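Notes for the structure review
Listed below are the residues making up each chain.
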Amino acid sequence: MKITIFGTGYVGLVTGTCLADVGHDVLCMDVDAEKITRLEAGEIPIYEPGLESMVKHNVGTGRLRFTTDPAEAVAFGVLQFIAVGTPPDEDGSADLQYVLAVADTIGEHMQEDKVIVDKSTVPVGTADKVLAQVQKRLASRGAEFDVEVCSNPEFLKEGAAIEDFTHGARIIVGTNSERVKRLMRECYAPYIRLQEKLMFMDVRAAELTKYAANAMLATKISFMNEIANLAERLGADVEQVRRGIGSDPRIGYHFIYPGCGYGGSCFPKDVQALERTARDVDYQAELLAAVESVNNRQKQTLFSKLANAFDGDLKGRTIALWGLSFKPNTDDMRDAPSRTLMEALWDAGATVQAYDPEAMKECRRLYGERDDLLLAGDRVQAVKGADALVICTEWKEFRSLDFAWLKSQLSMPVIVDGRNLYDPEIVRDAGLMYYAVGRGDSL
Ligand code: NAD
């Protein structure tokens, strides 16, 4: 099948590569010419495990190609996937300008009937807006072609994107058109062993499903952080509580890890956007608003724990920071808790000595050269000469640590652990002060 993908970010590039890998002919289009040049040279602009070799292989077979030419992109695919960003606008609603720009491009260049597949996360009603935009453009050209728009939200996680795309729990397609159903079945046939994995539903239900899934996961995290904050004040260990409730199959162990708040390119903006959508239809989504505000507060906890450990004065201190990405196995720092912490530390006059296995380049891109940000070559260097250590991301390489060595490196024996990686007793026995999340010490 010939498939066009607009947008070569985390979702577009993974989608295009995976679809090429199962035999489809895929053309990926992006307005970012530098990105396309790098991709054509076999260079992957993002860090995603397994993606680089897969892109190279499929480029080699000729089934995966890249372009910046909109006319070529529109002419190519019978299916036109939209996988561009939907960042929050000033009031937190999803900004649809990139999605509608693609719709406009399709309307401008199409010379035959097309099916548009919206993979970006978009508010309920966007499919209608995309269709209206294409039709408006067609009318301005005096052209008449058939256009159908379906919703096909993406559920992949960065860090495990290929596995999620190829072995996802479900593939959702919002459409009532038999023709679109047939085409989407053909597109995803290589991934569907179980018929029920491919779920057809109304387009509005599909659009809402994506937000509902992310909001549910974010709710679990905020709920657990609320319990952790309570546990801290009650002298209970939230890790024991987590094991206690996770064993109930109605609750389960997934997404109940307390920590320093959720970040990334999806949960914060999607919870916010859904809450704003609710407002648009005169509904006060109280639970969603609470999920968001609990998370915003949670992202401040690392700083307040540190500030308390230093009697409120961090001026002139050097803080070692392990983990910059919003979660392990990605270089994505969008809305990462590490950013909230670093920015607060800088405001307080401290210097950050940071290390992350993959996000160093991204950190430099975001913050540039500055005297109060030192990027270390590894976790050992990050700690050298520091006053205290904070852990923001649970990368595997941070899980084991020689605490006696760490104590010898820090001027103050303080670890603030935003991911509850260590056994408090062992850390404290080594003579360190250990401030985790919800583990009995209420600093
Ligand atoms: P991204 O920012 O990584 O990539 C978006 C790409 O679209 C960029 O390369 C940009 O240059 C390109 N683009 C912008 N306008 C364009 C245009 N008119 N034509 C062609 N390309 C254009 O975004 P992402 O993380 O891949 O997310 C894309 C969508 O998928 C969002 O709606 C997001 O919410 C959703 N989503 C993301 C994830 C995730 O984990 N990142 C998971 C599921 C769903």
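Residues numbered from 1 in each chain as written. Predicted model: local features only at pLDDT ≥ 70, side-chain atom pairs only at ≥ 80, totals over all residues.

Of regular secondary structure, the protein possesses 18 helices and 14 strands. Taking 22 Å as the expected radius of gyration for a compact globule of 443 residues, we find that the protein reaches 24 Å, a close match to that expectation. Viewed in the frame of its principal axes, the protein has a C-alpha envelope of about 75 × 45 × 40 Å. Each of the 443 residues in the protein was classed as buried or not, and the buried ones make up 46%. Within the protein, contacts between residues separated by at least 24 positions form 71% of all contacts whose residues are at least 6 apart in sequence. (Helix = DSSP H or I, 4+ residues; strand = E, 2+ residues; numbered from the N terminus. Rg over C-alpha atoms; globule rule 2.2 N^0.38 Å. Buried ≥ 20, exposed ≤ 12 C-beta atoms within 10 Å, placed from the backbone. Contact = placed C-beta atoms within 7 Å.)

Another point: the domain arrangement of the protein. Taken domain by domain, the protein holds domain 1 (2–201), domain 2 (211–297) and domain 3 (299–435). Taking only C-alpha atoms, the centre of domain 1 and the centre of domain 2 are 30 Å apart. Counting residues at the interface gives ten residues for domain 1 and eight residues for domain 2. Classifying every residue of the side of domain 1 that touches domain 2 gives six nonpolar, three polar and one charged. (Domains from an automatic or database assignment. Nonpolar A, V, L, I, M, F, W, Y, C, P; charged D, E, K, R; others polar.)

Once that is clear, we can look at the site of the ligand. Neighbouring the ligand are 26 residues, the closest being Gly7, Gly9, Val11, Ser120 and Thr121. Those elements giving two or more residues to the shell around the ligand turn out to be helix H1 (10–21) and helix H5 (97–109). Grouping the amino acids of the shell around the ligand by side-chain chemistry returns twelve nonpolar, nine polar and five charged. (Near = placed C-beta within 6 Å.)

Among the five residues that make up strand E10 (residues 351–355), four are buried, leaving the element largely enclosed by the rest of the structure. Once you follow strand E9 (residues 318–322) into helix H14 (residues 337–347) and on to E10, the crossover reads as right-handed. For the handedness criterion, the β-α-β arrangement of E10, helix H15 (residues 360–367) and strand E11 (residues 373–375) is classed as right-handed. (Right-handed = clockwise from strand over helix to strand, strands pointing away.)

So, on to the UniProt feature "binding site: substrate" (unreviewed entry) in the protein. When the UniProt feature table is mapped onto this chain numbering, "binding site: substrate" (unreviewed entry) sits at Phe155, Leu156, Lys157, Glu158, Lys210, Phe255, Ile256, Tyr257, Pro258, Gly259, Gly263 and Lys327. In terms of the greatest pairwise C-alpha distance, the residues named above, spread along 173 residues, do not form a single cluster, extending to 23.8 Å across. Along the chain, Phe155 turns up in the loop between strand E6 (147–151) and helix H7 (161–166). Setting aside chain neighbours within four positions, we find Phe155 in contact with Asp164, Gly168 and Ala213. Inspection of the secondary structure puts Ile256 in the loop between helix H10 (238–246) and helix H11 (267–280). The exposure class of Ile256 is partly exposed, given the 19 C-beta atoms found within 10 Å. Beyond its immediate stretch of four places on either side in the chain, Ile256 contacts Lys220, Met224, Arg242, Ile245 and Gly246. (UniProt positions renumbered as here; feature names shortened; annotations may be inferred.)

Turning to the UniProt feature "active site" (unreviewed entry) in the protein, a few remarks are in order. UniProt records the feature "active site" (unreviewed entry) for Cys266 in the present numbering. One can find Cys266 in the loop between H10 and H11. With near-sequence residues (within four places) excluded, Cys266 lies in contact with Thr121 and Asn214.

Look at helix H9 (residues 203–234) against helix H12 (residues 286–298): their axes get within 9 Å of each other, and the N-to-C directions meet at 55°. By the criterion of interaxial angle, the relationship of H9 to H12 is oblique. At the point where H9 passes H12, the crossing takes the left-handed sense. Contacts from Ala215, Ala218, Thr219, Ser222, Asn225 and Glu226 in H9 reach Leu287, Leu288, Val291, Val294, Asn295 and Gln298 in H12. (Axes fitted to C-alpha atoms, helices over the stretch in contact; angles between N-to-C directions. Parallel < 35°, antiparallel > 145°, perpendicular 65-115°, else oblique. Left-handed = near helix turned anticlockwise from the far one by under 90°.)

A separate point is the pairing of strand E4 (residues 79–82). By the alternation rule, side chains of E4 split into Leu79 and Phe81 and Gln80 and Ile82, which are all buried. As judged from the four bridges shared by strand E1 (residues 2–6) and E4, these two strands associate in the parallel manner. The residue of E4 that forms the bridge with Ile5 is Phe81. Where E4 and strand E5 (residues 114–118) come together, four bridges link them in parallel fashion. Looking at E5, one finds that Leu79 is bridged to Val115. You can see the chain leave E4, run along H5 and come back into E5, and the turn it takes is right-handed. (Pairing = 2+ DSSP bridges.)

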